[in-house]
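An overview of the molecular structure
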Amino acid sequence: MATFVDRYPEEASVVKACLTVAFVSLGIGAFFGLVQALHRTGVVRLFSSVDYYTVLTAHGVLLALVFTIFFLLGLFTWAITRSLERPLPNIRLTWAWVGLAQAGTVATAAAILAGFVPDIGVSADVLFTFYAPMKAHPLFYAGLAMFIVGTWLAGADWFLAYREWRKDNPDERIPLQTFMVLTTMLMWYLATIGVAVEVVVFLLPWSFGIVETVNPLLTRTLFWFFGHPVVYFWLMPAYLMWYTILPKLAGGRLFSDPLARVVFVLFLLLSTPVGIHHQYLDPGIAEGFKFIAMTNTMFLLLPSLLTAFTVVASMEHGARQRGGEGRLRWLGALPWRDPAFTGMALAGLMFAAGGFSGMINAGMNINYLIHNTLWVPGHFHLTVGTAVALTMMAGSYWLVPQLTGRKLYSRPIGLAQVVLWFVGMVFMSNAMHRAGLAGVPRRTAEPQYNSFDFTTTMGSIEELQLQIAVGGTLLFVSVVLFSFNMLASAIEDPVETPVDDRLPAPLSGADGSPRVLDNLRLWTAIAVVLVVLAYTLPLASIVQDAGLFGNVPGVPMLIGNFVESLAGVIA
Amino acid sequence: MEIHAYEKLWLGAALLLIVGFIGTVAFGAVGAGVDMIDDDGGTVDPGALDQHPKFGDPGVYQSGPNEYDVYVVAQQFQFQPGTAEAIEVPVDSTVTFHVTSADVIHGFEVVGTNANTMAIPGQVSTFTVETDEVRDHGIVCNEYCGSAHHAMEGTVKVVPDDEFNATDGGA
Ligand code: HEM
Ligand SMILES: [Cu+2]
Ligand SMILES: [Cu+2]
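Residues numbered from 1 in each chain as written. Chains lettered and ligands numbered in written order. Predicted model: local features only at pLDDT ≥ 70, side-chain atom pairs only at ≥ 80, totals over all residues. Heavy atoms only, no water.

As for the sheet that holds strand β6 (residues 106-110) of chain B
Residues and elements named next belong to chain B.
- Taken in spatial order, the five strands of this open sheet run β4-β10-β9-β6-β7, and their pairing is mixed. Of all the strands in the sheet, just β4 (87-90) and β7 (116-119) have a single pairing partner and so form its edges. Across the sheet, the mean angle separating the axes of adjacent strands is 20° when strand polarity is ignored.
- Bridge count for β6 against β7 is four bridges, and the pairing is antiparallel. Its bridge partner lying in β7, Phe108 is registered against Thr117. (Pairing = 2+ DSSP bridges. Helix = DSSP H or I, 4+ residues; strand = E, 2+ residues; numbered from the N terminus. Axes fitted to C-alpha atoms, helices over the stretch in contact; angles between N-to-C directions.)

Following this line, the structure appears as structure tokens:
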């Protein structure tokens, strides 16, 4: 029986090219993560504390943007091709976006990593949020812009594929995976308007010196216009896998196709008009606008809660198909030896925990207690750092064999890898949450101060630091095992059936569901209206405050600047 | 479209939870009057802070009986006042902080409390706290602001009434 690579060899190469970039970024990013975990806690300091911020910028960009999004590009290419059952319409366009996104990544990564060598005179120690008026080298912004345009073209490619398919299938429902890809991309087009305007209109000209000043609140607001929905851009590939792959791995089928569609539509509608919830503590934005963002955010819980239901219900169905019985005993009948299944299930469990800490973040008032403390990275290492990243790694154990035509090198190593990730993250994330409650700030090389000590309600700061260091080490070892397993799988001998790649139809299919669900124009129009409602007034008032281009000059993040400033502090 | 009975139940419970959350926060804001950072502080010209009547000479200003205003300028890598000299305020008083930045975005967090705000150049953050206990609090910058960000800290001292000297607090 042939698999994906035999049916669509060109597309398989594209997916492999994307996943390769993703996994290399994961490896480098995880190494930097280890460096951070050891440095912050004072266990080992491999780099100077000045270089810590270069490391942290690279960690954020390589993992949160490059790893996740390149994986998405690969996964969606696979999903579109297999669910429309046809090759992509124009493979040259496909390779063009792959190349553009890769070139952008290389440019941005080069600008960041050059920060380690001051003599080059290029640096971008601005972290992945690049808040102006901190200024990076133009290469950093130019690379980002190329990367984003690359993703836009990828979306165009997939929409073209869908249009071709539609010509041949005028009356059919959109295949579920294609539906997921298209709604996610519509959300992405809407969301990236914010960052595209921020980078192309304001930051790039400013970094070249064409424009002198910026309005920092405006660029920051544009960043978060994009910065929250990007969270769903990370999450939707995981959801695609939880809805369409996990039920099969569990031995059953998806519970309900229409409800999966409803969930993706809700994400398209609600992902963007919420970004201001990252700015609860920002001056210059009226409380009412923050309240609107919070209300939308809370409703955004709905699709995730629905997903939790479907995932558990589909797993139970699978377990019962495999002979599981009882109220909870069916859990034992699940295929826990399969790393793809176990990894995704553990990722889902962690996502539930992340959901709880996320509700705290979202509450406008409690947010004050934890804003910018270590609680926040504690939270998102559960969500993007585990729900997404672990699902992607676990999914790879099932997906990659379809792309290479080779079996996975070792299932036991895979199993050890996903369990190790889970255990490591329990340590690291739990300790980060607690340290955050004590007020320990995030993004800080040496969170040790002269004028006060942090106090914890339970345990000691030393104990928390140890947990962060141990957890970070386990996580790093987990990535080493993953990389080794992937490399070793690449040199296995090709086989006829490397993996069972069939995806059974859902229990309730799309046919009975309202047609309006597939009306992408309608949903996009509503999404646009919601964004206009949420953002017009806040943006207008921010522009009124200080003008479009503001009155704040740039502050380049360079070592020379540091030495002068330090002299200033000492003097 | 078929929706399973359990799923309907779950959906109802989820909606209830969401509305409940929004309700508690709305109650906190309107009913209990929890103060949040908003646009009340207005704007300043970040290039001309030294000409500003208050930020030009940042520190503690008395504004009424038991009421004080504290003006703080955050800049790489210090709070003024706060770092070189502590911010001193008397106990049992109402203190309104006004925080801005002279260069990049900083954070201003009174450690372990919810007195926490961003300091954005051109904008002024204001928030009010009641001082109810004589003690020292740490202040950290919790937003990355450059290569010595981790060195940016300060102190707020809540002192007994008789030890308080308005001209001391950096004013
Ligand atoms: C080996 C595994 C990992 C370790 C040990 C690790 C460790 C850390 C630590 C200690 C921090 C906090 C640094 C600070 O605030 O000073 C951090 C930040 C961060 N991590 Fe990870 N991490 C890992 C994996 C991941 C993954 C898989 C992702 C996302 C896919 C991720 C995304 C981020 C992001 C976005 C930040 C925030 C960067 C910033 O504040 O600018 N990390 N990580
Ligand atoms: Cu968000
Ligand atoms: Cu700082």
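A closer look at the domain arrangement of chain B
- Taken domain by domain, chain B holds domain 1 (1-34) and domain 2 (39-168).
- Inter-centroid distance (C-alpha atoms) of domain 1 of chain B to domain 2 of chain B is 37 Å. (Domains from an automatic or database assignment.)

Considering the coordination of the copper ion (ligand 2)
Residues and elements named next belong to chain A.
- For the copper ion (ligand 2), the full set of protein donor atoms is His228 (ND1), His277 (NE2) and His278 (NE2), and the range of their distances to it is 1.6 to 2.0 Å.
- Binding-site remark: the copper ion (ligand 2) is held by donors from one chain whose sequence spacing is H-x48-H-H.
- On the basis of relative accessible area, His277 is assigned to the buried category, the value being 11%.
- Relative accessible area serves as the criterion here: at 23%, His278 is assigned to the partly exposed category. (Donors = N, O, S within 2.8 Å, 3.2 Å for Na, K, Ca; no water. Buried < 20%, exposed > 50% of the residue type's maximum accessible area, 1.4 Å probe, protein only.)

What about the nonpolar core?
- Among the nonpolar cores identified, the biggest contains 238 residues, and A:Leu73, A:Trp78, A:Phe130, A:Phe140, A:Trp158, A:Tyr239 and A:Trp242 are the most heavily contacted of them.
- Broken down by element, the residue count for this core peaks at 23 residues, all from helix α3 (residues 52-84) of chain A.
- There are two domains that each give this core at least three residues, and those are domain 1 (1-34) and domain 2 (39-168) of chain B.
- The residues touching A:Trp78, leaving out its near neighbours within four places in the chain, are A:Phe4, A:Val15, A:Gln177, A:Ile245, A:Trp398, A:Leu399, A:Gln402, A:Leu403 and A:Leu503. (Core = buried A, V, L, I, M, F, W, Y, C linked by side-chain atoms within 4.5 Å. Contact = heavy atoms within 4.5 Å.)

Quick look at the site of ligand 1
All names here are of chain A.
- Every one of the 26 residues lining ligand 1 counts as a neighbour, but Arg40, Tyr52, His59, His381 and Arg443 are closest to it.
- In this structure, a nitrogen atom belonging to ligand 1 sits 2.7 Å away from a side-chain N or O atom of His59.
- At 2.8 Å from a nitrogen atom of ligand 1 is found a side-chain nitrogen or oxygen belonging to His381.
- Among the secondary structure elements, those contributing two or more residues to the shell around ligand 1 are α2 (9-40), α3, α15 (375-404), α16 (411-437) and α17 (461-490).
- Of all the elements, α2 adds the most residues to the shell around ligand 1, at six residues.
- Here the shell around ligand 1 is built from residues that sort into 17 nonpolar, six polar and three charged. (Near = heavy atom within 4 Å. Polar contact = N/O pair within 3.5 Å; in protein donor to acceptor, adjacent residues only side chain to side chain. Nonpolar A, V, L, I, M, F, W, Y, C, P; charged D, E, K, R; others polar.)

Overview of the layout of surface pockets
Residues and elements named next belong to chain A.
- Of the pockets and cavities examined, the second largest pocket occupies roughly 620 Å³.
- Pro175, Leu176, Asp257, Ala505 and Pro506 are, among the 26 residues lining the second largest pocket, the residues nearest its centre.
- In terms of residue class, the lining of the second largest pocket is built from 12 nonpolar, five polar and nine charged. (1 Å grid on protein atoms, 1.4 Å probe; cavity = no way out; pocket = protein on both sides within 12 Å on 5 of 7 lines; lining within 4 Å. Points joined across faces, edges and corners; volume = space filled by probe spheres on them.)

Thoughts on the pattern of salt bridges
Residues and elements named next belong to chain A.
- Evaluated as defined, the whole model comprises 12 salt bridges over all chains.
- Glu316 is paired through a salt bridge with Arg320; the nearest N and O atoms lie 2.7 Å apart. Of the two residues, Glu316 and Arg320 both sit in helix α12 (residues 301-321), four residues apart, roughly one turn of that helix.
- Judged by its relative accessible area of 35%, Arg320 is partly exposed.
- Among the salt bridges present, the one from Arg434 reaches Glu463, with a minimum N-O distance of 3.6 Å. Of this pair, Arg434 sits in helix α16 while Glu463 sits in helix α17, and the two are 29 residues apart along the sequence.
- The exposure class assigned to Glu463 is partly exposed, which follows from its relative accessible area of 29%. (Salt bridge = Lys/Arg side-chain N within 4 Å of Asp/Glu carboxyl O.)

Describing the interface of chain A and chain B
- Facing 74 residues of chain A, the contacting portion of chain B comprises 59 residues.
- Together, the buried faces of chain A and chain B total about 5800 Å²; carbon and sulfur atoms form 69% of this surface.
- Together, A:Pro283, A:Phe309 and A:Tyr368 form the three largest contributors to the area buried by chain A at its contact with chain B, with a combined 12%.
- Our count for the contact surface shared by chain A and chain B stands at one salt bridge.
- Residues A:Arg443 and B:Glu143 are paired through a salt bridge, measuring 3.0 Å at the closest nitrogen-oxygen approach.
- Counting every contact that joins chain A to chain B gives 20 residue pairs in polar contact (both at pLDDT 80 or more).
- For the side of chain A that touches chain B, the elements supplying multiple residues, two or more each, are α7 (216-227), α10 (257-270), α11 (287-299), α12, α14 (367-370) and α19 (559-570) of chain A.
- Its residues assigned to classes, the side of chain A that touches chain B comprises 47 nonpolar, 18 polar and nine charged. (Buried area = accessible area lost by both parts, 1.4 Å probe.)

Some details on the coordination of the copper ion (ligand 3)
Residue and element names in this part refer to chain B.
- The copper ion (ligand 3) binds to the protein through Cys141 (SG), Glu143 (O), Cys145 (SG) and His149 (ND1); the donor distances cover 2.1 to 2.5 Å.
- Here the copper ion (ligand 3) is ringed by four donor atoms whose angles at the metal span 81 to 127°, and the overall shape comes out irregular.
- Written as a sequence motif, the donor residues of the copper ion (ligand 3) are C-x1-E-x1-C-x3-H. Residue Glu143 shares its accessibility class with His149, and that shared class is buried. (Tetrahedral: all angles 85-135°; square planar, octahedral: opposite > 155°, others 65-115°.)

As for the environment of A:Asn430
Residue and element names in this part refer to chain A.
- Of note, Asn430 is situated in helix α16.
- In this structure Asn430 comes out as partly exposed when scored by relative accessible area, which is 35%.
- In the structure, Asn430 is positioned 51 residues away from His379 in sequence and 8.8 Å away in space, judged by C-alpha atoms.
- Leaving out residues up to four positions away in the same chain, Asn430 has contacts with Met425 and Gln467.

Re a negative patch on the surface
- Residues B:Glu67, B:Asp92, B:Glu130, B:Asp132, B:Glu133, B:Asp161, B:Asp162 and B:Glu163 make up a contiguous surface patch of negative charge.
- Tracing the chain through its elements places B:Glu133 in the loop between β8 (125-130) and β9 (135-140). (Patch = residues over 30% accessible without salt bridge, like charges linked within 9 Å, V, L, I, M, F, W, Y side chains within 5 Å. Areas by Shrake-Rupley, 256 points an atom, 1.4 Å probe, with all protein chains shown as cover. Lys, Arg positive; Asp, Glu negative; His and termini not counted. Charge placed at Lys NZ, Arg CZ, Asp CG, Glu CD.)

Section: the packing of aromatic side chains
- Following the criterion strictly, the structure yields 47 aromatic pairs over all chains and no others.
- Each ring, one from A:Phe70 and one from A:Phe147, has its centre 5.9 Å from the other, and the planes form 40°; the classification is tilted. Of the two residues, A:Phe70 sits in helix α3 while A:Phe147 sits in helix α5 (residues 138-168), which places them 77 residues apart along the sequence. The burial state of A:Phe70 is the same as that of A:Phe147; both residues are buried.
- Seen from their ring centres, B:Phe79 and B:Phe108 are 5.5 Å apart, and the 90° between their planes marks the pair as edge-to-face. Taken together, the residues B:Phe79 in strand β3 (residues 78-80) and B:Phe108 in strand β6 connect sequence positions 29 residues apart.
- Feature note: the residues A:Phe130, A:Tyr131, A:Phe140, A:Tyr141, A:Trp188, A:Phe223, A:Trp224, A:Phe226 and A:Phe233 constitute an aromatic cluster, connected by ring pairs.
- The residue whose ring lies beneath A:Arg261 is A:Phe179, and the NZ or CZ to ring-centre distance is 5.0 Å. (Phe/Tyr/Trp six-rings, centres within 6.5 Å; stacked < 30°, edge-to-face > 60°. Lys NZ or Arg CZ within 6 Å of the ring centre and 35° of its normal.)

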